[in-house]
Amino acid sequence: IKLVRDRVNDKDIAVGHVFYYVFNKVLRLSAPFAPYLTDYLYQELIKKESVHFQEWPKIEKIDNRLINDMEIAKIIIQEILSERAKVGINMRWPLSHAHIYISSGAHIAGGVKCKLDSYGKLNEIKEAISKLEDLILAQTNIKGLILDESKGREFEVKLDTKITFELEKEGYLR
């Protein structure tokens, strides 16, 4: 919800459809555990018939590549936020960029620097970062990412902590 807050305020119809879809599935799955509550919510918000008469949701195709890409993005976001905490710069203050150093033999798993086997090769990690760059930037309040393939570092994130006048102004407006 945090990611689509602005789209909800702009009354984006696609966000409404996604919320409806998810809420419908969650109510059906929750019905055996909270029958009265789910039935009430279903009848008031979805249909005027009981949730208990609906079919159980079907298993849908799972995009494992997207799940893998999101894990990579989550780890990078955690590392950037960790670096922000180390240098004492609050999320309110935008930063110009973050350097992501990664070597061809490196890998990011659960924030631990180790070999790159479980999340894929360097090209797959670079592709995931480029696909989800907007998400990473929005979650970390950074204006840009610089991906650096270095030979000496396995996986490391460094922030440009210089706050320019424009960045400071934007931080006060936030």
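Criteria and thresholds
- Residues numbered from 1 in each chain as written.
- Predicted model: local features only at pLDDT ≥ 70, side-chain atom pairs only at ≥ 80, totals over all residues.
- Heavy atoms only, no water.
- Phe/Tyr/Trp six-rings, centres within 6.5 Å; stacked < 30°, edge-to-face > 60°.
- Helix = DSSP H or I, 4+ residues; strand = E, 2+ residues; numbered from the N terminus.
- Lys NZ or Arg CZ within 6 Å of the ring centre and 35° of its normal.
- Buried < 20%, exposed > 50% of the residue type's maximum accessible area, 1.4 Å probe, protein only.
- Pairing = 2+ DSSP bridges.
- Axes fitted to C-alpha atoms, helices over the stretch in contact; angles between N-to-C directions.
- Parallel < 35°, antiparallel > 145°, perpendicular 65-115°, else oblique.
- Left-handed = near helix turned anticlockwise from the far one by under 90°.
- Contact = heavy atoms within 4.5 Å.
- Nonpolar A, V, L, I, M, F, W, Y, C, P; charged D, E, K, R; others polar.
- Core = buried A, V, L, I, M, F, W, Y, C linked by side-chain atoms within 4.5 Å.

K.L.:
Describe the packing of aromatic side chains, listing the residues and the values that go with them.
P.N.:
This model, assessed by the stated rule, comprises one aromatic pair. Residues Trp93 and Tyr172 carry aromatic rings whose centres are separated by 5.0 Å and whose planes lie at 85° to one another, so their mutual orientation is edge-to-face. In this pair, Trp93 is assigned in the loop between helix 4 (64-87) and strand 1 (98-102) and Tyr172 in helix 7 (residues 165-173), connecting sequence segments 79 residues apart. The residue whose ring lies beneath Arg92 is Trp93, and the NZ or CZ to ring-centre distance is 5.4 Å.

K.L.:
Describe unusual backbone geometry, and please don't skip the residues or the numbers.
P.N.:
The phi dihedral of Asn141 falls on the positive side, at around 55°, and the residue is not glycine. Here Asn141 shows up in the loop between helix 6 (133-140) and strand 4 (145-149). By relative accessible area, Asn141 is classed as buried at 5%.

K.L.:
Could you give me a rundown of the pairing of strand 1, with the residues and numbers involved?
P.N.:
By the criterion of burial, strand 1 is predominantly enclosed, with four of the five residues buried. Bridge count for strand 1 against strand 4 is five bridges, and the pairing is parallel. By the bridge assignment, Ile102 is partnered in strand 4 with Glu149. As judged from the five bridges shared by strand 1 and strand 5 (residues 155-159), these two strands associate in the antiparallel manner. Bridging across to strand 5, His99 finds its partner in Lys158.

K.L.:
Tell me about the environment of Arg5, and name the residues and values.
P.N.:
With respect to the element layout, Arg5 can be found in helix 1 (residues 5-9). Residue class for Arg5 comes out partly exposed when judged on its relative accessible area of 49%.

K.L.:
Break down the packing of helix 2 (residues 13-30) against helix 3 (residues 35-45) for me, with residues and values.
P.N.:
Running from amino to carboxyl end, helix 2 crosses helix 3 at an angle of 150°, the nearest separation of the two axes being 9 Å. One way to sum up the angle between helix 2 and helix 3 is to call them roughly antiparallel. In the crossing of helix 2 with helix 3, the sense of the turn from one axis to the other is left-handed. Counting all contacts with helix 2, which are made through Phe23, Asn24, Leu27, Arg28 and Ser30, the residues of helix 3 involved are Thr38, Leu41, Tyr42 and Leu45. Residues that form the contact of helix 2 with helix 3 fall into these classes: five nonpolar, three polar and one charged.

K.L.:
So what's going on with the nonpolar core? Residues and values would help.
P.N.:
If you look at the biggest cluster of nonpolar residues, it comprises 23 residues, and the most contacted ones within it are Ile76, Ile80, Ile136, Ile142, Leu145, Phe155 and Leu159. If you list the elements that add at least two residues to this core, you get helix 4, strand 1, helix 5 (122-131), helix 6 and strand 5. Per-element accounting of this core gives the leading share, six residues, to helix 4. In this structure, Leu27, Ala31, Tyr42 and Ile46 belong to the second largest nonpolar core, which totals five residues.

K.L.:
If you had to explain the sheet that holds strand 5 to someone new, which residues and values would you point to?
P.N.:
The three strands are arranged 4-1-5 in an open sheet whose pairing can be described as mixed. Each end of this open sheet is capped by a strand with a single partner; those strands are strand 4 and strand 5. When strand polarity is set aside, the average angle formed by the axes of neighbouring strands in this sheet is 20°. Where helix 4 meets the sheet, its contacts fall on strand 1, strand 4 and strand 5, and the angle it forms with strand 5 comes to roughly 45°.

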